[in-house]
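Coordinate analysis (summary)
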Amino acid sequence: MDNSSSCSSVVTGPPPASFLQRTLQRLSSTQCLKFRAEEAAPLAVIALQRYLSEQSEGQQLDSYSYDVTVTDGVWRAKCFLHPDLNHLVHKNTLRTGTDVYVTQCSFVYNERRLGHGYICLEGLRCDAQRSAVLPRINDVSSLPMLIRHGMERSLVLQSDVPLQVNRKHYLSLWNNDDPEGNIWTSGCPPSETVLDVSKISLLSSLDLSSRNTWKPLPLLVKIIHKSRLRYYGKFGLNKVDYPYQAYFEVADQSGTMSLVLWNELCPEFYHRLNVGTVLYLQNYTLKPSYSSRTRPQMDHHRMKIFRSVEICLNPRNPPSVITVVSPKSVLPQWGLPEVSYQFTTRSEVDKLTNNSTCDVIGLVTFVSRVERVKCKGNKGPEKYWTYRWIHAVDGTSDQPFILELFSSSQVEVFSRICPMTYLVCTQMRVCRVEGSLPYLTSTCETETLITGYHKGQPYVNDPGVKSFIQWTKTLKDNVVLQKTAVGGHYCYPHPPQICNQSMADASAQVPLVSTADLKKELETLQYREHKKLAIQGQITAVRYMKNPKTTQSQPSGVVSTDVCEQAVPAPHNHPSAAEQASADTLTSSTSDKSSASSRKRRIQMRKAAQSSLNRGGTPTKRRLRHTNTQEEQEQEEDESDSAVEEMQHVDRSLQSQNQNQDSSVLAWESSSWPKQQEDVSEHLCQGGLYQDSIYRRFTFDEKNVLLQWSNLQPTRWTAEQTADSIPPALCPGYYQVTILGINKKIAFDAAYLPVVRSDDPRAVGLPQDPHGNTMLSCLSSGFLCPLRDAASHSEAPLPEPEEILVTASELEDTHVVCVLDLCHLGGDEVEILISKVYRVTEVSLD
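Residue positions are given per chain, counting from 1 as you read along its sequence in written order. Where local features are concerned, this predicted model is filtered to residues with pLDDT of at least 70; where side-chain atom pairs are given and counted, the filter is 80 or more; whole-chain, interface and lining totals use all residues. Heavy atoms throughout the structure, all of them, feed into the side-chain values; hydrogens and water do not.

1. Some details on the overall build of the protein
The cut-off we apply is this: Think of it this way: any DSSP run of H or I at least four residues long counts as a helix, any run of E at least two long counts as a strand, and we number them from the N terminus. Contacts are residue-level and defined by heavy atoms, with any inter-residue pair within 4.5 Å sufficient. In short, Shrake-Rupley with a 1.4 Å probe defines the accessible areas, and a residue's cover is counted only from the protein chains shown.
Of the regular secondary structure elements, the protein holds 17 helices and 33 strands. Taking the contacts inside the protein whose residues are at least 6 apart along the sequence as the reference set, 75% of them involve residues at least 24 apart. Here the protein displays about 37700 Å² of accessible surface, and carbon together with sulfur accounts for 49% of that area.

See the structure below:
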């Protein structure tokens, strides 16, 4: 929105006690407000809530809308985020626990409802640092909610529901599977009423009944499996206020059958219906079973499974009556079966067939950061799954359980998994991949429980669980703690030893893409979204780096820029990827925002200087360089070209930023790279290795801060969120690799972080065939050889970076396929790591 009669600039003068209150008063007399930088006051973001967008006549920019609750320390205000600013949420630039500055806003009335309206945020500057407002507030929830005069009676404005009145509930901020908001009840006690069980139906009679003559009698059943929630909301389904469903497997003395909980019954009952719960059901309906859904493996129950029909519990037509029976009221004569498990030890997992299922219990030793992956083949609005990798041991094998655990609608459990806790996972599916140890992945029916949630569970008397508990009594905490880790980059299974042509299939697990596709992927990647892909080309340069790129490294999220300003009227003039990366590298952690234009000028000068050097007779054969700062200065004195001097200045800045502990730079370049650079249209430099890419050792003292760091950004800010920063990672050094696409038009930088220690979580299951520690063999194997001295079980001496880089000449003009792991860490930080490098001669074209 440009400057016009409909916009009013805020007048200068002493600010009132409440910036929010003054803003709302001003909006009563003007259509919109714009604020100059010196006029805006910081507002702390205390809630960021997502919901399905309302269907509109115009072009829909996003499938979801966001409500932002902010405070100035005096008032709270729930505001609507203009859809043009949604990308700030997608990149985690706008997030809870930080401050924003409103640069433009308006007040929007609901034309279809009386007494309803809200502030729409149309322009924001986002501060990457911790909030300066929140430390001054004792209790955020005690602050009054700012509502326009005349709208005080609106229940919507005072409730935990979306500002868009056609939506009745919020979604989880980062996925659609987790319950979100106050509507999800869990505290209702089971019924103590006396039940009439003299006339009930058995499940076997439902399976055989005729729909025409069937007369429903009450059911008395026990839940033996519970699925995660499924959200099926999409545009055009406005008549369904709560589009949820959840499957349960229930049993009585005659067998088992599926039960489906529909719509608004999910918020009311989902948390109350757990494995082992006994239900008395009335006014249910039957319908043919949905054959395409996944089902739990139940052979170990040794009960008959009825699959022709499923029980439906609906909020209306007719309204089902659900009675949760108190455990004290359950009688043995009812004949309800016991819940059965199939606990499997780690040593037994190696004998299980692919896709078989099992239950496991173990002591957690490693927990990865939570990442997201986009749902494939989703026909509705864009959806993401959230997941994390876990290692757990049970004493029966030298190898841990490797668990890929997706969120199972158990928010409190999933976010609290940490080392040194006892973890139970049910209905885990075995995955076997050539060249890697078998791992277990969760299913729709997986239930996850940790220390603090085991009491009263049906499995506590299982022999496998008792045996595990006895083993843990032999352990010493200080010994186990030395083997624990949290967060950082982790990806499993490892790439196969031989690359095959099937990678070119777009549906493959690791699709082969073009450099242009890679650029698009980097631009569209969202917060904590992980993608694995392959790209072919040649490695033209390798540089050894001692320190990861500087990040905020704080639990509330990671954003590399000090301030990010976005407004609706302005076009999204994002700088090129190369400019962003160069600016990030050249700018120190305390950079002045006013130096942006000079940074861009230096970047352009450096490009010009590089081109001039290449044309002016730079030696075409460059190998390992030991460039000393003093030598660079002497060379500068001999150069008469100011552009060359500028390039040397920038090189020293790079060296100062990334190699503070040593003035020398270790690097290798292909002899053809200087000439090839002249034809490169774009060099993507924003990717790399960050502090958040490296795992941390777990300690009980730092438990809370490590959990916050490894979890996703929370929807709501709470006072319990620690202000402590995570300890810096001890990085053993990494390699920045420049890869030129096969058509030599686009180049990009990626980081290679080799496994150098046997206790690195990434070393688990990694094929450790001996190799010669050449640059190519390290890139191909993923580790420095050997990780462990087999005789003494101690760490073996590792080759120095100079020794590895001196062998990089074998990369000269070599056609390779690089497997990359991409992950968006928040803000402008995109992690690009090399997982494996293949020579094309090693690729199978079958």
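2. Here's the deal with the packing of aromatic side chains
Short version of the rule: In summary, the pairing rule links any two rings of Phe, Tyr or Trp, Trp by its six-membered ring, whose centres are within 6.5 Å, and it sorts them by plane angle into stacked for under 30 degrees, edge-to-face for over 60 and tilted for everything else. Residue burial is assigned from relative accessible area. The probe radius is 1.4 Å, only protein chains are included, and a residue is buried under 20% of its type maximum, exposed over 50%, and partly exposed in between. Charge-over-ring contacts are defined here by two conditions on Lys NZ or Arg CZ: a distance within 6 Å of the ring centre and an angle within 35 degrees of the ring normal.
By the definition in use, this model includes 24 aromatic pairs. Here the aromatic rings of phenylalanine 248 and tyrosine 270 are separated by 6.3 Å at their centres, their planes lie at 55°, and the arrangement is tilted. With a gap of 22 residues between them, phenylalanine 248 in strand E10 (residues 244-252) and tyrosine 270 in the loop between helix H4 (265-269) and strand E12 (278-282) connect regions that are remote in the sequence. A relative accessible area of 2% means that tyrosine 270 is categorised as buried. Taken together, the aromatic side chains of Phe366, Trp389, Tyr439, Tyr490 and Tyr492 make up a single cluster linked through ring pairs. The ring centre of tyrosine 101 lies 4.6 Å from the NZ or CZ of arginine 125, which sits over that ring.

3. Focus on the side chain of glutamate 447
This is how the line gets drawn: This count recognises Lys and Arg as positive and Asp and Glu as negative, with His and chain-terminal groups excluded. Only one rule defines a salt bridge in this text: a Lys or Arg side-chain nitrogen within 4 Å of an Asp or Glu carboxyl oxygen.
Among the secondary structure elements, glutamate 447 is positioned in the loop between strand E21 (439-442) and strand E22 (448-449). For the buried glutamate 447, which has no salt bridge, the nearest side chain bearing the opposite charge is lysine 226, at an N-O separation of 6.4 Å. Not counting chain neighbours up to four residues away, the residues in contact with glutamate 447 comprise Val275, Gln410, Val424, Cys425 and Thr426.

4. Topic: unusual backbone geometry
Here the residue pair asparagine 317 and proline 318 is connected by a cis peptide bond, since its omega of -10° sits within 30 degrees of zero. Along the chain, proline 318 turns up in the loop between strand E14 (309-313) and strand E15 (321-325). For the bond from cysteine 785 to proline 786, the omega torsion is -5°, close enough to zero to count as cis. By secondary structure assignment, the location of proline 786 is in the loop between helix H16 (775-781) and helix H17 (801-805). Phi is positive for asparagine 355, which is not a glycine, with a value near 75°. Assignment of secondary structure puts asparagine 355 in the loop between helix H5 (346-349) and strand E16 (357-367).

5. Structural notes on the pattern of salt bridges
Scanning all chains against the criterion turns up 18 salt bridges. Put simply, arginine 293 and glutamate 249 hold a salt bridge, and the shortest N to O gap is 2.8 Å. With arginine 293 in the loop between strand E13 (285-288) and E14 and glutamate 249 in strand E10, the pair connects residues that are 44 residues apart, well separated along the chain. Given the relative accessible area of 4%, glutamate 249 is considered buried. Connected through salt bridges with shared partners, the residues Asp160, Glu180 and Arg716 form a single ionic network.

6. Some words on the pairing of strand E30 (residues 734-741)
To keep it simple, the criterion reads: By the convention used here, strands pair only if DSSP detects at least 2 bridges between them.
The element E30 is extensively covered by neighbouring structure, given that seven of its eight residues are classed as buried. By the bridge criterion, eight bridges tie strand E24 (residues 530-545) to E30 in an arrangement that is antiparallel. The residue of E30 that forms the bridge with glutamine 538 is leucine 740. Pairing between E30 and strand E31 (residues 746-752): six bridges, direction antiparallel. Bridged to threonine 738 within E31 is aspartate 749. Connecting E30 to the next strand, E31, in antiparallel fashion are four residues, including lysine 744 with a positive phi near 60°.

7. Focus on helix H15 (residues 703-710)
Burial runs high along H15: six of the eight residues are buried. Buried within H15 we find Val705, Leu706, Leu707, Gln708, Trp709 and Ser710. Taken together, the buried residues of H15 touch strand E18 (384-393), helix H6 (411-416) and strand E23 (485-486).

8. Focus on the nonpolar core
Threshold: Only buried residues count toward a nonpolar core. Its members are Ala, Val, Leu, Ile, Met, Phe, Trp, Tyr and Cys residues joined through side-chain atoms within 4.5 Å.
With 79 residues, the main nonpolar core has Leu94 and Ile311 as its most contacted residues. Of the residues forming this core, the biggest block, six residues, is contributed by strand E7 (residues 117-130). In this structure leucine 94 touches Val45, Leu48, Val68, Leu81, Leu88, Val89, Val100, Leu124 and Cys126, once residues within four positions along its chain are discounted. With 37 residues, the next largest nonpolar core counts Val542, Trp668, Leu784 and Leu805 among its residues.

9. Quick look at the pairing of strand E3 (residues 43-52)
Within E3, ten of the ten residues are buried, leaving the element largely enclosed by the surrounding structure. Sheet analysis places E3 next to strand E6 (residues 98-109), joined by two bridges and oriented antiparallel. Counterpart to alanine 44 in the pairing with E6 is aspartate 99. Taken together, the eight bridges between E3 and strand E4 (residues 64-71) define a ladder with antiparallel strand orientation. Its bridge partner being in E4, arginine 50 is matched across the sheet by tyrosine 66.

10. A short note on the environment of aspartate 359
The line we're drawing: Two N or O atoms count as a polar contact when they lie within 3.5 Å, although within protein this holds only if one can serve as hydrogen donor and the other as acceptor, and sequence-adjacent residues are included solely when both atoms are side-chain atoms.
Mapping aspartate 359 onto the fold places it in strand E16. Residue class for aspartate 359 comes out buried when judged on its relative accessible area of 2%. With residues near it in sequence (within four places) discarded, aspartate 359 still touches Tyr341, Gln342, Phe343, Thr344, Cys425, Thr426 and Gln427. From its side chain, aspartate 359 meets the backbone nitrogen of glutamine 427 in a polar contact 2.8 Å long.

11. Some remarks on helix H7 (residues 463-472)
The cut-off we apply is this: Note: the arc covers the axis-to-C-beta directions of the helix.
The set of residues buried in H7 consists of Val465, Phe468 and Thr472. Axial view of H7: buried residues confined to an arc of 60°, hence all on one face. For H7, the N-terminal cap is aspartate 462; the gap from its side-chain oxygen to the backbone nitrogen of glycine 464 is 2.8 Å.

12. Concerning the environment of serine 408
Residue placement: serine 408 occurs in the loop between strand E19 (401-406) and H6. In this structure the C-alpha to C-alpha distance between serine 408 and serine 442, which are 34 residues apart in sequence, comes to 8.5 Å. Apart from residues no more than four positions distant in its own chain, serine 408 is found in contact with Arg228, Tyr270, Thr446 and Thr448.

13. Some points on the side chain of lysine 222
By the element assignment, lysine 222 lies in strand E8 (residues 219-226). Despite being buried, lysine 222 has no salt bridge partner; glutamate 338 is the closest side chain of opposite charge, sitting 4.4 Å away. Within the structure, the side chain of lysine 222 is placed 3.2 Å from the backbone oxygen of proline 337, a separation counted as a polar contact. Once residues lying within four places of it in the same chain are set aside, the contact partners of lysine 222 are Glu249, Val250, Ala251, Gly276, Thr277, Val278, Leu336, Pro337, Glu338 and Val339.

14. Concerning the environment of serine 329
Residue position: serine 329 is located in the loop between E15 and H5. The exposure class of serine 329 is partly exposed, given its relative accessible area of 22%. Note: C-alpha distance between serine 329 and valine 194 (135 residues apart in sequence) is 8.3 Å.

15. A closer look at the state of the cysteines
Keep this limit in mind: Only a pair of cysteine sulfur atoms within 2.5 Å counts as a disulfide in this structure description.
Tallying each qualifying case throughout the model produces zero disulfides. Of all cysteine sulfurs, the one in cysteine 105 lies closest to cysteine 79, which takes part in no disulfide; the gap is 7.9 Å.

16. Considerations on the confidence of the model for the protein
Our working definition: Confidence of the predictor at the level of single residues is captured by pLDDT, which takes values from 0 to 100.
Mean pLDDT over the protein stands at 82; residues scoring 70 or higher make up 79%. Here residues 1-6 scores under 50 on pLDDT; set against residues more than four positions off or in separate chains, the count is 13 contacts.

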